[in-house]
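Given next are the chains, with one letter for each unit.
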Amino acid sequence: MLTTRLDLARIRAARREIDPVFLDTPLYQCDALGRELGCTVSIKLETANPVRSFKARGTELVAGLLTDQGRTAAVCASAGNLGQALGWSGRRRGLDVTVVASRRAPAAKLERIRALGAELELVDGDFELARERAVSIARRRGVRLVEDSLDIETCEGAATIGLELASGASGASSFDVVLIALGGGAMATGVGYVLKTLSPDVEVICVQPLGAPAMTRSWHQRRVVTTDSTDTIADGVAGRYPIPAVLDDLLTVADDAVLVHEASIVTGMRMLLERAGLVVEPSAALGVAAILEDRDRFAGRHVTTIICGGNVDLDAYHRWVRA
């Protein structure tokens, strides 16, 4: 029995609360990508939904809970994807949503947040400064602060991906490794918990950029390690302050956490475009980057990588993939 904040019964029940448009996303073997990487590669495509990321699995649970409680508003800090997801889930339920983000966030993500009807407040700093501002707004207005990874609903919503992987609901053959982008930890802890509970032989490997290594360093040192700054194109995973409770969960469910170079992330994005026809944001290419940097580790194995987001600034994307 795994000792974490997560609960398998709640995760199974969550599927009944999440809009089906976010469930049962495509899971398929990509032979062209596998031939290039020297292993069997399956893709779990979490961009095939209205917000183009996995985040709405969690915000659907959060927004539903707030509605049941009679709450009318919520605020969150976001690198972009959580804000879109909360905006979508909140609009569906009549909630007033405020999103605090960095001015440096990709313009495409900020535009989508506005388009979904959320109030957007920008700060001159990184995600951690946005989080501080969101805390201040929640206290001043007396509204619910939605904290990705800390709020268990965000982890258990993401964990429904793990249920789909474990069941092979989309017809994929069995796999022995899953590569999960690691930022705040909601997806890594959620998917990792389900797989270690239902398919314990699957190796759970978390992947983070060298330019934003706080959670990976924390996992290896088994204590919270913070960083002064981040320097990565993978804005969706660029946190500096791991949450202790989330780290505790990650220590229980992850088999390894690795760091990858920026060049490998860019190559991974290009390979996903050329071999799989997918336009993805940098965070979604972390799994491919991990294989590129350690081919011997994955040679001959069946690897599933979760394509976690596709909200990318096209001008930046073109610069990266054409380099």
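Student: What's the story with a nonpolar patch on the surface in this structure? I'm lost.
Tutor: There is a patch of nonpolar side chains on the surface, built from L273, V279 and L314 and spanning about 230 Å² of accessible area. Mapped onto the elements, L273 comes out in helix 11 (residues 262–276). Since its relative accessible area comes to 31%, L273 is described here as partly exposed.

Student: When you look at the nonpolar core in this model, what are you seeing that I'm missing?
Tutor: Soluble globular proteins tend to pack their nonpolar side chains together in the buried interior. Ranked by internal contacts, the top residues of the largest apolar core, which has 66 residues, are L33, L37, L165, V178, L179, M187 and L272. In terms of residues, this core owes the most to one element, helix 12 (residues 286–293), which gives six residues. Ignoring anything within four residues of it in the chain, the contact list for L33 reads V41, I43, M271, L272, R275 and V288. The next biggest cluster of nonpolar side chains, apart from the first, holds 17 residues, and it includes V62, A63, C76 and V97.

Student: Sorry if this is basic, but what is going on with the sheet that holds strand 5 (residues 119–123) here?
Tutor: The pairing of strands in a sheet comes from backbone hydrogen bonds and takes either a parallel or an antiparallel form. Across the sheet, four strands lie side by side as 5-4-3-6; this open sheet has parallel pairing. For this open sheet the edge positions go to strand 5 and strand 6 (144–146), each flanked by a neighbour on one side alone. On average, each strand axis in the sheet is inclined to that of its neighbour by 25°, with strand direction left out of account. Examined bridge by bridge, strand 4 (residues 96–102) and strand 5 share five bridges and lie parallel to one another. Pairing of V100 across the sheet is with E121, part of strand 5.

Student: What's the story with the pairing of strand 2 (residues 40–45) in this structure? I'm lost.
Tutor: Strand 2 sits mainly inside the fold: five of its six residues count as buried. Pairing between strand 2 and strand 10 (residues 302–307): six bridges, direction parallel. When the sheet's bridge partners are listed, S42 is paired in strand 10 with T304.

Student: Honestly, the state of the cysteines in this entry has me stumped. Any pointers?
Tutor: Disulfide: a covalent bond connecting the sulfur atoms of a pair of cysteines. Applying the stated rule across the entire model yields zero disulfides. Between C39, a free cysteine, and C30, which holds the nearest cysteine sulfur, the sulfur-to-sulfur gap is 11 Å. The closest cysteine sulfur to the non-disulfide-bonded C155 is located on C206, 12 Å from its own sulfur. Overall, the relative accessible area of 0% leaves C155 in the buried class.

Student: When you look at the sheet that holds strand 2 in this model, what are you seeing that I'm missing?
Tutor: Read from one edge to the other, the open sheet built from six strands follows the order 1-2-10-7-8-9, with strand pairing classed as mixed. In the strand order of this sheet, the two ends are held by strand 1 (27–29) and strand 9 (256–260), each with one partner. Across the sheet, the mean angle from the axis of one strand to that of its neighbour is 25°, orientation sign disregarded. Relative to strand 10, strand 7 (residues 177–181) runs parallel, the two being bridged by three bridges. When the bridges of strand 10 are listed, L179 appears paired with T305. On top of the sheet, helix 12 reaches strand 2, strand 7, strand 8 (203–209), strand 9 and strand 10; it is set at about 85° to strand 9, its chief contact.

Conventions adopted
- Residues numbered from 1 in each chain as written.
- Predicted model: local features only at pLDDT ≥ 70, side-chain atom pairs only at ≥ 80, totals over all residues.
- Heavy atoms only, no water.
- Patch = residues over 30% accessible without salt bridge, like charges linked within 9 Å, V, L, I, M, F, W, Y side chains within 5 Å.
- Areas by Shrake-Rupley, 256 points an atom, 1.4 Å probe, with all protein chains shown as cover.
- Salt bridge = Lys/Arg side-chain N within 4 Å of Asp/Glu carboxyl O.
- Helix = DSSP H or I, 4+ residues; strand = E, 2+ residues; numbered from the N terminus.
- Buried < 20%, exposed > 50% of the residue type's maximum accessible area, 1.4 Å probe, protein only.
- Core = buried A, V, L, I, M, F, W, Y, C linked by side-chain atoms within 4.5 Å.
- Contact = heavy atoms within 4.5 Å.
- Pairing = 2+ DSSP bridges.
- Axes fitted to C-alpha atoms, helices over the stretch in contact; angles between N-to-C directions.
- Disulfide = S-S within 2.5 Å.

Spatial relationships are all this shows, so hold off on functional conclusions.
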